[in-house]
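# Descriptive analysis of the structure
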Amino acid sequence: MLSFIIRRLLLLPVTLLGLTFLIFLFMSALSPYALLSTYVNNPRQLQAPGAAQNLIKQYGLDKPFYVKYVSYLNQIIHGNLGWSQTMNETVVQVIKTRFPATLELALYSIIPIVIVGIWLGVVAAVHHNGLIDQILRVVALIGYSVPAFVLGLLLLFIFYGVLRWLPPGRLGLGFEMIYNSPAFHHYTGLVTIDALLNGRFWMFLDALKHLIDPVLTLSFLSWAGLLRITRSSMLEALGQDYVRTARAKGLSERVVINKHARRNALIPATTVAGLMFIGILGGVVITETIFNYPGIGSAMAQASEQLDYATVLGLSLLFGLITVVGNLVVDVAYALIDPRVRLG
Amino acid sequence: MEGFVKVLRKMFRHPVSIAGIILVLLFLSIAIFAPLLAPPAYPWNPYMMPQSGLSAVPQPPSPQHIFGTTQGQYDIYYGVIWGTRTALEVGVVVIGLALVIGILIGTLAAYFGGWVDELLMRITDIFLAFPFFVGVIVVITIIGPGITNVMWALVIFYWMTYARLIRGSILEVKENQYVMAAVALGTPGGRIITRHLLPNSIYPVIIQASMDMATIPLTAAALSFLGLGAPVGYADWGQLASFARNWIITPSGGNPFQYWYTIFFPSVTIVLYALGWNLLGDTLRDILDPRMLI
């Protein structure tokens, strides 16, 4: 067990190095001038005549690739990801202001995924091959088949276009001004929590109202998958000897399902839920763009459209970091929860 | 051949599976007969949607434009029909290339094991370190938008799925006695791979590829939706959806259903297309994957 965790931890820097190298490889396709934006922290540095030439020399952008790679790593370690042209601030600043919004969205999205996905998966397995199972199968497949941009547009159409209930954005205009005012304390960066901590209940409700649509869109992508996995692991658990024993002992079917089978079936489901949390991060690009939600996903889409290399590369580094660390946490957690897991 | 007939017979047992097959066949025939269903206005470039006028405001369905026109007077019906071709083309090209790369790498890793396996799997891990969609966006930002570039970007960040699947599957098959017997008989490595390992471990890959025929074209459509995919006017479902985005919210007091056709027809097409392939993949999984027989 311990050796597995140590091995995984030792692999972490290797993967991270590989990650930066991959980003660096993509960067090498760009000209030194295009690359400058990922190094320079302030556009004013470029204004002096001949400044660009000097900076290219200074960062070694005209040197062979290994020199450039080291210089790139050096920049990352010093927390310098360059200047974002689309947002008009440093990329690090973009991440600081926008990442909490994305985190908030992802945190709220995982709740319906886990509750609905696991619950329906257990129901489907208990009614194996029955009518409910068949219906859930079709529902899950429909869930797979509706892409985020279609679902998002439909929700926007129904709840904003027709009903006028759930507007896009993160906060209403009035609350947005309060949020940005100095009187408002930013404890966590998560609007819902900060609003409550500041004692502004109506602002909390307004933030929730803005979250409903994007959360529905994001979670819809994943709950169908979790349903299928819970179903099959629940079916496996129901076929085990300890379930037969429990039934033979004369335990009620409810106890057999809830206490014996479901607990064991939840182990793989938990892991998948962890992986889904990471998967959600890929979905934020579309979802945030549709609902004008100011997170790193919409920043990514906007920057990419305007060929703002620094922002795209900087944000992709962040996405990569979260994925790698998240995968590690899930792996280790899985090994800790389930001692039977084969470690390799 | 006998196995194939058996699979077909099983497929036609469930009404749900039949629905999947019908949907897939429907979209395949739409793609094949696209020039008959919607004769191209510019024969030298049939993928460009014909534009009847330059007015930005969408026009409701009429005898000339049975699904109406969307923003910029692009014919929605034409876009839906030729968009099917775009979707299938993207799916076949991307999945085909990803399969070749993935199967090659996965097989090499599983067959040789040891440091080859370790090296190839670490490379795979690095590509998996990005959320798929994010990785694709990075590549497109650098090589530029366009339908061909989108396909390259999708291949670059999708082959890992197949590599991992085939590797895991081969590692299982490798333990079988018939493989050891072949090794003991001195069968050359290439022959063991093509005759014993691949045919017996390909099923999960086939199932995955069938499901991917739904997701990959939709990912490409999502990129077009963001303005990173096909150029303006290219027959592409994602583009139709992105045109619709500007018209589903009418100023308060207006009729919200005024431009319903801009979003309705593309959405229904997209969902039915994906549903067809997903149903097909699900059916294949039920039949081919022995672990699902519980």
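Residues numbered from 1 in each chain as written. Chains lettered and ligands numbered in written order. Predicted model: local features only at pLDDT ≥ 70, side-chain atom pairs only at ≥ 80, totals over all residues. Heavy atoms only, no water.

## Points about the overall build of chain A
- The secondary structure content of chain A amounts to 14 helices and 2 strands.
- For chain A, the C-alpha atoms occupy an extent of roughly 85 × 55 × 35 Å along the three principal directions.
- Each of the 344 residues in chain A was classed as buried or not, and the buried ones make up 51%.
- A separation of at least 24 residues holds for 70% of the contacts in chain A among residues at least 6 apart in sequence.
- Accessible surface, chain A as shown: approximately 16000 Å² in total, 66% of it carbon and sulfur.
- Between the centroid of the 24 positive side chains of chain A and the centroid of its 16 negative side chains there is a distance of 6 Å. (Helix = DSSP H or I, 4+ residues; strand = E, 2+ residues; numbered from the N terminus. Buried < 20%, exposed > 50% of the residue type's maximum accessible area, 1.4 Å probe, protein only. Contact = heavy atoms within 4.5 Å. Areas by Shrake-Rupley, 256 points an atom, 1.4 Å probe, with all protein chains shown as cover. Lys, Arg positive; Asp, Glu negative; His and termini not counted. Charge placed at Lys NZ, Arg CZ, Asp CG, Glu CD.)

## Concerning the nonpolar core
- In terms of nonpolar packing, the biggest core is built from 190 residues, with Phe149(A), Ile286(A), Phe157(B) and Leu226(B) touching the most fellow members.
- A total of 15 residues in this core trace back to one element, the largest contributor, which is helix α4 (residues 76-112) of chain B.
- Counting contributing residues, this core receives three or more from each of domain 1 (2-84) and domain 2 (92-172 + 210-343) of chain A.
- Every residue in contact with Leu226(B), bar those within four places of it in the chain, is listed here: Val285(A), Ile286(A), Thr289(A), Ala301(A), Glu305(A), Phe133(B) and Ile137(B). (Core = buried A, V, L, I, M, F, W, Y, C linked by side-chain atoms within 4.5 Å. Domains from an automatic or database assignment.)

## Let's talk about the packing of helix α6 (residues 132-143) of chain B against helix α11 (residues 203-225) of chain B
All names here are of chain B.
- Relative to each other, α6 and α11 sit at 55 degrees, their axes nearing to 12 Å. Here α6 is positioned oblique relative to α11, judged by the angle of their axes. Note on packing geometry: the crossing formed by α6 with α11 is right-handed. In this structure, α6 uses Phe132, Phe133, Val136, Ile137 and Ile140 to contact α11, whose residues at the interface are Ile216, Thr219, Ala222 and Leu223.
- Here the contact of α6 with α11 is composed, by residue class, of 8 nonpolar, 1 polar and no charged. (Axes fitted to C-alpha atoms, helices over the stretch in contact; angles between N-to-C directions. Parallel < 35°, antiparallel > 145°, perpendicular 65-115°, else oblique. Left-handed = near helix turned anticlockwise from the far one by under 90°. Nonpolar A, V, L, I, M, F, W, Y, C, P; charged D, E, K, R; others polar.)

## What about the pattern of salt bridges?
- In the structure shown here, the tally under the stated rule is 13 salt bridges over all chains.
- With a shortest N-O distance of 3.0 Å, Arg122(B) and Asp125(B) are connected by a salt bridge. One end of the pair is Arg122(B) and the other is Asp125(B), both in helix α5 (residues 114-128) and 3 residues apart, which spans about a single turn.
- Salt bridges linked by common partners bring Arg7(A), Glu118(B), Arg122(B), Asp125(B) and Arg164(B) together as one network. (Salt bridge = Lys/Arg side-chain N within 4 Å of Asp/Glu carboxyl O.)

## Describing a positive patch on the surface
All names here are of chain A.
- Judged by side-chain charge, Arg254, Lys259, Arg262 and Arg263 come together as a positively charged surface patch.
- Topologically, Arg254 is positioned in helix α12 (residues 253-290).
- On the accessibility criterion, Arg254 (63% relative accessible area) is exposed. (Patch = residues over 30% accessible without salt bridge, like charges linked within 9 Å, V, L, I, M, F, W, Y side chains within 5 Å.)

## Brief notes about unusual backbone geometry
Residues and elements named next belong to chain A.
- A positive phi angle is found at Asn129, which is not glycine, with a value near 65 degrees.
- With respect to the element layout, Asn129 can be found in the loop between α5 (91-126) and α6 (131-145).
- Judged by relative accessible area, which is 53%, Asn129 ranks as exposed.
- The phi dihedral of Asn292 is positive, around 55 degrees, even though this residue is not glycine.
- For Asn292, the position within the fold is in the loop between α12 and α13 (296-305).

## Looking at the domain arrangement of chain A
Residues and elements named next belong to chain A.
- Examined at the domain level, chain A breaks down into domain 1 (2-84) and domain 2 (92-172 + 210-343).
- The C-alpha centroid of domain 2 is placed 33 Å from the C-alpha centroid of domain 1.
- Of the residues lining the interface, 21 residues belong to domain 1; the matching set on domain 2 comes to 21 residues.
- Here domain 1 meets domain 2 over a buried area of about 1800 Å², counting both sides, of which 82% is carbon and sulfur.
- Three residues stand out in domain 1 for area buried against domain 2, namely Phe4, Arg8 and Leu81, and they jointly supply 31% of the buried area on that side.
- On inspection of domain 1 and its partner domain 2, the count reaches 1 salt bridge.
- Among the ionic pairs, Arg8 bridges to Asp331, the shortest N-O distance being 2.9 Å. (Buried area = accessible area lost by both parts, 1.4 Å probe.)

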